[in-house]
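# An overview of the molecular structure
Residues per chain, in single letters:
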Amino acid sequence: MPCQWYQHGVCTSPKLPEPTDAVVNVARCLSEKECKSCAYYTEAIQSSQRLFRKERLKVYTPIHALPSTIAIECPEAVVTKIETGVVIAYCQILDRPLTKFEAELCNKFWRECPYRYIEHT
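Residues numbered from 1 in each chain as written. Predicted model: local features only at pLDDT ≥ 70, side-chain atom pairs only at ≥ 80, totals over all residues. Heavy atoms only, no water.

Regarding its fold elements, the protein chain presents five helices and five strands. For the protein chain, the sequential pattern of α-helices and β-strands runs β-β-α-α-α-β-β-β-α-α. The buried share of the protein chain, reckoned over its 121 residues, is 38%. Sequence-distant contacts in the protein chain: of pairs separated by 6 or more residues, those separated by 24 or more amount to 58%. (Helix = DSSP H or I, 4+ residues; strand = E, 2+ residues; numbered from the N terminus. Buried < 20%, exposed > 50% of the residue type's maximum accessible area, 1.4 Å probe, protein only. Contact = heavy atoms within 4.5 Å.)

This part covers the sheet that holds strand β4 (residues 87–91). Two strands in a sheet stick together by hydrogen bonds in their backbones, pointing the same way (parallel) or opposite ways (antiparallel). Strand order in the open sheet formed by three strands is β3-β4-β5, with antiparallel pairing between adjacent strands. Strands at the two margins of the open sheet, each flanked by one partner only, are β3 (77–81) and β5 (96–98). Direction aside, neighbouring strands of the sheet carry axes that sit 40 degrees apart on average. As defined by bridge partners, β4 adjoins β5 across three bridges and the pair is classed as antiparallel. From the neighbouring strand, A89 faces β5, where its bridge partner is L98. The sheet strands contacting helix α4 (residues 100–109) are β4 and β5, and the helix crosses β5 at an angle near 80 degrees. (Pairing = 2+ DSSP bridges. Axes fitted to C-alpha atoms, helices over the stretch in contact; angles between N-to-C directions.)

This next bit is on unusual backbone geometry. Its identity is not glycine, yet D95 carries a phi of approximately 60 degrees, on the positive side. The topology assignment puts D95 in the loop between β4 and β5.

This paragraph deals with the confidence of the model for the protein chain. Model confidence for the protein chain is summarised by a mean pLDDT of 81, while 85% of its residues fall at 70 or above. Across the protein chain, element-level confidence peaks in α4 with a mean pLDDT of 92 and bottoms out in helix α5 (residues 114–119) with 73. In the model, residues 45–51 has pLDDT below 50 throughout and makes 17 contacts with residues more than four positions away in sequence or in other chains. (pLDDT = per-residue confidence, 0-100.)

A grouping of F101, L105 and F109 is seen on the molecular surface, where their side chains present a nonpolar patch of about 320 Å² in accessible area. Examined against the element boundaries, F101 turns out to sit in helix α4. (Patch = residues over 30% accessible without salt bridge, like charges linked within 9 Å, V, L, I, M, F, W, Y side chains within 5 Å. Areas by Shrake-Rupley, 256 points an atom, 1.4 Å probe, with all protein chains shown as cover. Salt bridge = Lys/Arg side-chain N within 4 Å of Asp/Glu carboxyl O.)

Counting 13 residues, the largest nonpolar core has L66, I72, C74, V79, A89, L98 and A103 as the members making the most contacts within it. When residues of this core are traced back to their parent elements, those giving at least two are β3, β4 and α4. Considering each element in turn, this core owes the most residues, three residues, to β4. Those residues in contact with L66 that lie beyond four places of it in its chain are V87, I88, A89, K100 and A103. (Core = buried A, V, L, I, M, F, W, Y, C linked by side-chain atoms within 4.5 Å.)

With that settled, the discussion passes to the pattern of salt bridges. Tallied over the entire structure, the rule returns two salt bridges. Linking E102 and R96 is a salt bridge whose minimum nitrogen-to-oxygen distance equals 2.8 Å. Looking at E102, the relative accessible area reads 22%, which means it is partly exposed. Judged by relative accessible area, which is 29%, R96 ranks as partly exposed.

Here we take up the pairing of β4. With five of five residues buried, β4 lies mostly within the body of the structure. Burial along β4 is two-sided: the residues V87, A89 and C91 and I88 and Y90 are all buried. Two strands pair when backbone bridges link them, and β3 and β4 are joined in this way by five bridges, in the antiparallel orientation. Residue pairing for β4: K81 is matched across the bridge by V87. Hairpin connection between β3 and β4: a loop of five residues separates the two successive antiparallel strands, and G85 in this loop has a positive phi of roughly 95 degrees. The hairpin turn running from β4 into β5, its antiparallel successor, is four residues long, and D95 in that turn takes a positive phi close to 60 degrees.

In structure tokens form, the structure reads like this:
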């Protein structure tokens, strides 16, 4: 069984400030014994710390790729670079990547987002 923090080519360990592929060693991440020796491995897991679904992310570059300088203040959105080098915004509430248009809306109007209220009720 692969490391619980290895998701879609990136390390999502809570020990990292944000998900990244910079610390990924596929051989180690896919080995249950090897992954436990990684500096970013931790046993504790909370469902809110899981950033991506188990199935593969479906990213279509023309609608999902964002400039590398984008920042979204919403605490439910994660801006990350995936294994292909594309920068995406991922909504943890919707459990999917955001399109360019949605990312722009999240950046401007995240306080009024109706999905945030669904999550906290």
